[in-house]
Amino acid sequence: MFRWALIFLFISLVAAVLGFGGISFIAVQLAQVLFYIFLAGFAVFLVAGLLG
């Protein structure tokens, strides 16, 4: 999941450099959502590992 967030972030940076603002914005939003999902999953597994 974290890898996908980094991939979309990279796509966003490349699109921004090439001047594709709309694609860049969408890729940033996807990267941000995937990062938060990854972070929430990490927190859940961390707590489960500490309690179990």
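For the structure itself, look to the data block above.
Residues numbered from 1 in each chain as written. Predicted model: local features only at pLDDT ≥ 70, side-chain atom pairs only at ≥ 80, totals over all residues. Heavy atoms only, no water.

Over its 17 residues, helix α1 (residues 2–18) runs 25 Å from end to end, which matches the ideal 24 Å to within 8%, given 1.5 Å per residue. Among the residues of α1, those classed as buried are Ala5, Ser12 and Ala15. Down the axis of α1, the smallest arc covering the buried residues is 90 degrees, so these residues share one side. Residues of α1 that are exposed and point over 90 degrees away from its buried face: Arg3, Phe10, Leu13, Val17 and Leu18. Where α1 is buried, its residues contact α2 (21–51). (Helix = DSSP H or I, 4+ residues; strand = E, 2+ residues; numbered from the N terminus. Expected span 1.5 Å × (residues − 1). Buried < 20%, exposed > 50% of the residue type's maximum accessible area, 1.4 Å probe, protein only. Arc of directions from axis to C-beta. Contact = heavy atoms within 4.5 Å.)

Considering the arrangement of structural elements, one finds Leu51 in helix α2. Judged by its relative accessible area of 74%, Leu51 is exposed. In the structure, Leu51 is positioned 13 residues away from Phe38 in sequence and 20 Å away in space, judged by C-alpha atoms.

Let's shift gears to α2. In this model, α2 (31 residues) spans 45 Å end to end at C-alpha, consistent with the 45 Å of a helix rising 1.5 Å per residue. Along α2, the residues classified as buried are Ser24, Ala27, Ala31 and Leu34. Here the buried face of α2 lies against α1.

Before going further, it helps to examine the environment of Ala31. Within the secondary structure, Ala31 sits in helix α2. Along the backbone, Ala31 and Leu46 are 15 residues apart, and their C-alpha atoms lie at a distance of 22 Å. Among residues more than four places away in sequence, those in contact with Ala31 are Ala5, Phe8 and Leu9.

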